[in-house]
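Residue-level listing of the chains:
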Amino acid sequence: MDSSDDQSEQEHSEQSEEESIADDETSAEDDEDEEEDDVPKLADKEFKEIPFEDLLKLQKKLGTRVYNEAIFGKTVSKKKTVDAEKDTKKRKTQQEQNSNESDDDDSGPEEISSRRKTPAFAKIRRGNNDESAQQRPRDPRFDPKQGYFSGRKFRQDYGFINDLRTKELKKLENKLHATEDPEEAEKIKFVMRRTENQVREYAKQKQLDETRMQEKKQARQAISEGKRPFYERKSTKKARDLVQQYDKLKEDGKLAKHIDKRRKKISAKDRKKLDFAT
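By the naming in an unreviewed UniProt entry, the protein chain is rRNA biogenesis protein RRP36, taken from Anopheles darlingi. Recorded under Subunit (unreviewed entry), the UniProt text for the protein chain is reproduced unchanged: "Associates with 90S and pre-40S pre-ribosomal particles." Recorded in UniProt for the protein chain, the comment headed Subcellular location (unreviewed entry) runs: "Nucleus, Nucleolus".

Rendered as structure tokens:
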């Protein structure tokens, strides 16, 4: 009985407090409305007819706050209504009551059983399931999933680059004839040598691709006819390539120069061997 009487008294006191707060707020709003009515507001026609200099003087004399209230009227900040505040207070009281009831509950706190042992690699397992671990950046150049590099396929797909290099060589030649600066001419010559080497290497690799494809074609044809395919040795291939190279140099008139360069290279190697031996 005593507890029920105490609860009723508390509820009665809370209701009386809420009513007093609501009355105070309504009275405050009425006072604000009265203050707004007291502030004089100039009509639009009146302050439009006043010159701008006089308005500035008036602003300096009265102050910006009073001046704005006189010209534009007093702005009132929006406040919450009394009903909304009542609802929030009721919610707070309900939450407090619910929390008190939950504290009085006899059920004990939830505890993890000490009989079950936690796994040793729990963090590692969680890390494997993490999104950051799945979305690792990978370089397609070194990733086997992207496939392997094929020089023949690259030259087949990007053959237009060699055409661009040949066009660039012609432009560089024209630029070299037009320049008079020796430093600029040296730079152009260096770029020309580099592009010429690239074009020459491309043609060489293209020729090798064609010979390899021809050999494969012959081997497939022999297998289809029921014959044993013939595979040439690497040593014989190398000798044949050297013969073709020397024939080409002889036609171009660069054989003597090539032999001299080759002799110098071999002598330099022999000299290095002698230096290491001593």
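J.: Explain a positive patch on the surface here, please?
T.: Together, Lys238, Arg262, Lys265, Lys269, Lys272 and Lys273 give the surface a local cluster of positive charge. Here lysine 272 lies in helix H12 (residues 255–277). Take lysine 272: its relative accessible area is 55%, and that puts it in the exposed class.

J.: Where do I start with the nonpolar core in this structure?
T.: Core analysis: the largest hydrophobic core is formed by five residues, namely Leu169, Leu172, Ile188, Met192 and Val199. Counting only elements with at least two residues in this core, the list comes to helix H9 (160–178) and helix H10 (182–224). Of the residues forming this core, the biggest block, three residues, is contributed by H10. Filtering out sequence-adjacent residues up to four positions away, isoleucine 188 remains in contact with Leu172, Lys175, Leu176 and Thr179.

Rules behind the numbers
- Residues numbered from 1 in each chain as written.
- Predicted model: local features only at pLDDT ≥ 70, side-chain atom pairs only at ≥ 80, totals over all residues.
- Heavy atoms only, no water.
- UniProt positions renumbered as here; feature names shortened; annotations may be inferred.
- Patch = residues over 30% accessible without salt bridge, like charges linked within 9 Å, V, L, I, M, F, W, Y side chains within 5 Å.
- Areas by Shrake-Rupley, 256 points an atom, 1.4 Å probe, with all protein chains shown as cover.
- Salt bridge = Lys/Arg side-chain N within 4 Å of Asp/Glu carboxyl O.
- Lys, Arg positive; Asp, Glu negative; His and termini not counted.
- Charge placed at Lys NZ, Arg CZ, Asp CG, Glu CD.
- Helix = DSSP H or I, 4+ residues; strand = E, 2+ residues; numbered from the N terminus.
- Buried < 20%, exposed > 50% of the residue type's maximum accessible area, 1.4 Å probe, protein only.
- Core = buried A, V, L, I, M, F, W, Y, C linked by side-chain atoms within 4.5 Å.
- Contact = heavy atoms within 4.5 Å.

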